[in-house]
Amino acid sequence: MINNETIEAERTRVCLTIGRIAPDFTAVTTEGPITLSQYRGKWVLFFSHPGDFTPVCTSEFIAFAQLQPEFEKRNVQLLGISIDSNPAHLGWLYDIFQMTGIVMPFPLIADRDASIAALYGMVSPDRIYEQSVRDVFIIDPNQRIRSILIYPATNGRNMYELLRLIDALQVSTTYGVSTPANWMPGDPVIVPVASTLDEAIERGMDPESLELNCLAWWYCFTDLSELTPLPNP
Ligand code: BEZ
């Protein structure tokens, strides 16, 4: 039931957005206690699921586990969360182990009082109504939130899209470039728009001399191999 207290709590809740520092927390997990800040220096894919012993969630955990080497290659720590208890998590992960032989290779938080879920806006009356309970926070090595995705309970996430987004975020961070629609690793990237008139004219008149492919002075692509990493990404 939505009462005044709930409405007030919702109104005053800090709205977590891309660019904010991910609030730190300590939690009970299937791998023992953890603190979010212990993963500083790594990317973190922090994701919630509606509940243990449910089919879509099970398929997601199996998919995450199978792609763990790909996340590891990208310096990404997977971190799951739900409001189930640690014994429930252990029972569910044991069943997954029995079904598939997979030992879940990342911690799963038992957020019994939903305090972490509340901190991250993973639960609220309208969201429960909408069943929008598969959240993904991509957190960078400085503990800054770089992307937030929300999926409904009925539809599992695409792990390949999450890997692609991480690749794109890492390229943007390292080289200061953007990536176009449907970008895949190896595709050309978009360079920042010209900042002086001379630069704009050069891009418009002779982009090849700058190793650029420009469709307009403000719409230029290049290959990543032409770029050098930023000094302090
Ligand atoms: C599932 O994971 O299968 C699921 C969980 C909550 C609601 C609907 C489906």
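Residues numbered from 1 in each chain as written. Predicted model: local features only at pLDDT ≥ 70, side-chain atom pairs only at ≥ 80, totals over all residues. Heavy atoms only, no water.

Further remarks concern the overall build of the chain. In terms of helices and strands, the chain carries eight helices and ten strands. Considering the chain as a whole, with its 233 residues, one finds that 42% of them fall into the buried category. Taking all contacts inside the chain whose residues are at least 6 apart in sequence as the whole, residues at least 24 apart take part in 66%. (Helix = DSSP H or I, 4+ residues; strand = E, 2+ residues; numbered from the N terminus. Buried < 20%, exposed > 50% of the residue type's maximum accessible area, 1.4 Å probe, protein only. Contact = heavy atoms within 4.5 Å.)

Overall, mixed pairing links the five strands, which are arranged S5-S4-S3-S6-S7 in an open sheet. Edge strands, defined here as strands with exactly one partner in the open sheet, are strand S5 (108-110) and strand S7 (145-151). Neighbour to neighbour, the strand axes of the sheet diverge by 20° on average, direction disregarded. Pairing geometry for strand S3 (residues 43-48) and strand S6 (residues 134-139), over four bridges, is antiparallel. (Pairing = 2+ DSSP bridges. Axes fitted to C-alpha atoms, helices over the stretch in contact; angles between N-to-C directions.)

Next up on the list: the state of the cysteines. Counting across every chain of the model gives one disulfide. Here Cys214 is linked by a disulfide to Cys220, with a sulfur-sulfur distance of 2.1 Å. Its S-S torsion of approximately 110° makes the covalent link between Cys214 and Cys220 right-handed. Of the residues examined, Cys214 reaches a relative accessible area of 17% and is grouped as buried. (Disulfide = S-S within 2.5 Å.)

This part covers the sheet that holds strand S10 (residues 219-222). Spatial strand order, S8-S10-S9: three strands in an open sheet with antiparallel pairing. Here the strands that pair on one side only, and so sit at the sheet edges, are strand S8 (189-190) and strand S9 (213-216). As judged from the two bridges shared by S8 and S10, these two strands associate in the antiparallel manner. In the sheet register, Ile190 faces S10, and the bridge partner there is Phe221.

So, about a nonpolar patch on the surface. Among the surface-exposed residues, Val193, Leu215, Trp217, Trp218 and Tyr219 lie close enough to one another that they form a single nonpolar patch of about 560 Å² accessible area. Here Tyr219 lies in strand S10. Assessed through its relative accessible area of 34%, Tyr219 is described here as partly exposed. (Patch = residues over 30% accessible without salt bridge, like charges linked within 9 Å, V, L, I, M, F, W, Y side chains within 5 Å. Areas by Shrake-Rupley, 256 points an atom, 1.4 Å probe, with all protein chains shown as cover. Salt bridge = Lys/Arg side-chain N within 4 Å of Asp/Glu carboxyl O.)

Turning our attention to the site of the ligand. By nearness alone, every residue bordering the ligand is listed as Pro50, Thr54, Pro55, Val56, Cys57, Arg134 and Ala153. A distance of 3.0 Å separates an oxygen atom of the ligand from a polar atom in the side chain of Thr54. A distance of 2.7 Å is found between an oxygen atom of the ligand and a backbone nitrogen or oxygen belonging to Val56. In isolation the ligand offers 260 Å² of accessible surface; the protein chains occlude 75% of this area. Take the shell around the ligand: its biggest share by element is three residues, from helix H2 (residues 55-66). Per-class residue counts for the shell around the ligand are five nonpolar, one polar and one charged. (Near = heavy atom within 4 Å. Polar contact = N/O pair within 3.5 Å; in protein donor to acceptor, adjacent residues only side chain to side chain. Nonpolar A, V, L, I, M, F, W, Y, C, P; charged D, E, K, R; others polar.)

Contact geometry of H2 with helix H4 (residues 86-100) gives a least axis separation of 11 Å together with a crossing angle of 65°. Judged on the interaxial angle alone, H4 and H2 are roughly perpendicular. When the axes of H2 and H4 are compared, the crossing they make is right-handed. For the pair H2 and H4, the contacting residues are Cys57, Thr58, Phe61 and Ile62 in the first and Trp92, Leu93, Ile96, Met99 and Thr100 in the second. Residue composition of the contact of H2 with H4, by class: seven nonpolar, two polar and no charged. (Parallel < 35°, antiparallel > 145°, perpendicular 65-115°, else oblique. Left-handed = near helix turned anticlockwise from the far one by under 90°.)

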